[in-house]
Amino acid sequence: MSDAYDPLVTEADAIEGVPLPRAQGRLIGHARAERELLEAYRSGRMHHAWILAGPKGIGKATLAFRFARFALVHPDASAPAVREATNLEVPETSPEFRKIASGAHPGLLHLKRPYDPKRKSKDKIKQDLTVDEIRRTVPFFGSTGSEGSWRICIVDAADDMNANAANALLKILEEPPRNSLFFVIAHSPGRLLPTIRSRCRTLPVHEMSEAEVVEGLGALGVAEPGSRLSLRAAELAQGSLRKAIKLAEGEAIDIADGFSALVARLPRLEVDAAHTFAETVARPGAEDGWQLFQDLVADHLHTGLRGGEGVPLQRLVRLSEVWEKTSRAAREAEAFNLDRKQVVLNALRDLAEAARD
């Protein structure tokens, strides 16, 4: 690894000040999923390929690296240490832990969207997990390991694979190398090739509770546990610690509070407040705020659609139309660099009209 390596630049999902999943020594939540992996391992019938399925940012990669460390430290699944283990924890002082944290363990291959310093765009990380990245498995599994040792490959995330990469992964899964384990991280597992899903065992990894998200923010030093910032971020994060971390930064909480204040007054829409809010969301470079606004609208509409039998059919139809119109306008604004402020204002006006129905 060169001295120029910077995970904030070369890792697509890196967040400043937060350890990467491979360097996380602690797993918050997901006890059931962790227990299922441990029991499968010590049963002696460990499936060679697993899909870790669940929303983005809930800890799937952290769980995959946690298991990889455990298996590389304890390659013999019948050993007393494995039989007596209650979880997959490995001491952070372990040489294997340090090697994996630095991305230098010879028994672990982490496949992700590659960094390309030659790209002309500002973002040097490619948009797809490419076939060339998947082909790194050839020399990896072809190298000679010690007797009985594992070769573990983490695909992070399968959602980023293009068609050629998916087909290349399928070929490897059809003829898995000896002593190999695959962990395929999938935010939307239904979009994977059916043939990939059929060759893997799917392990659902569920959203974190709000209490677990608050605990995670405190453990990472992002927000004081029990503070308004941590509680509000956890409330808005929909079970994703990653999303909560992003929410705890910048203007995200103010945006959420501003949206709540506006919709609380519907069908009355305060024009000046709406324009101020729209300018904040649409400000150049405020990508997190723009995405948060879309999530807030979606959550508000979904709450209305789940209102039950007491909600008039006309109102349900109107809410569905608002969601479709807003989603389409947001996609077009991103694709064609259109005025985002107008998208926000139109959405707020549509919400106000829907509230009158």
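Higher on the page you've got the structure.
Residues numbered from 1 in each chain as written. Predicted model: local features only at pLDDT ≥ 70, side-chain atom pairs only at ≥ 80, totals over all residues. Heavy atoms only, no water.

> Explain the sheet that holds strand 5 (residues 201-204) to me, using residue names and the numbers behind them.
Pairing is parallel across the open sheet formed by five strands, whose spatial order is 2-3-4-1-5. Since the sheet does not close on itself, it has two edges, and those belong to strand 2 (108-111) and strand 5, each with one partner. Neighbour-to-neighbour, the strand axes of the sheet open up by a mean angle of 20°, direction not taken into account. In terms of strand pairing, strand 2 meets strand 3 (residues 151-156) through four bridges, oriented parallel. Paired with His110 across the two strands is Ile154, which belongs to strand 3. (Pairing = 2+ DSSP bridges. Helix = DSSP H or I, 4+ residues; strand = E, 2+ residues; numbered from the N terminus. Axes fitted to C-alpha atoms, helices over the stretch in contact; angles between N-to-C directions.)

> Please set out the environment of Phe259 residue by residue, giving values where relevant.
Mapped onto the elements of the fold, Phe259 is located in helix 13 (residues 252-264). Residue classification places Phe259 among the buried residues on the basis of a relative accessible area of 4%. For the pair Phe259 and Phe293, spaced 34 residues apart in sequence, the C-alpha separation works out to 8.0 Å. Among residues more than four places away in sequence, those in contact with Phe259 are Phe277, Phe293, Leu296, Val297, His300, Leu348 and Leu351. (Buried < 20%, exposed > 50% of the residue type's maximum accessible area, 1.4 Å probe, protein only. Contact = heavy atoms within 4.5 Å.)

> Let's hear about helix 3 (residues 60-73): which residues, and what values?
Helical geometry: 3.6 residues make up each α-helical turn, so side chains three or four residues apart lie on a common side. Taking 1.5 Å per residue as the helical rise, helix 3 with its 14 residues ought to reach 20 Å, and the 20 Å between its terminal C-alpha atoms agrees with that figure. Of all 14 residues making up helix 3, 13 are buried, and the element is well covered by its neighbours. (Expected span 1.5 Å × (residues − 1).)

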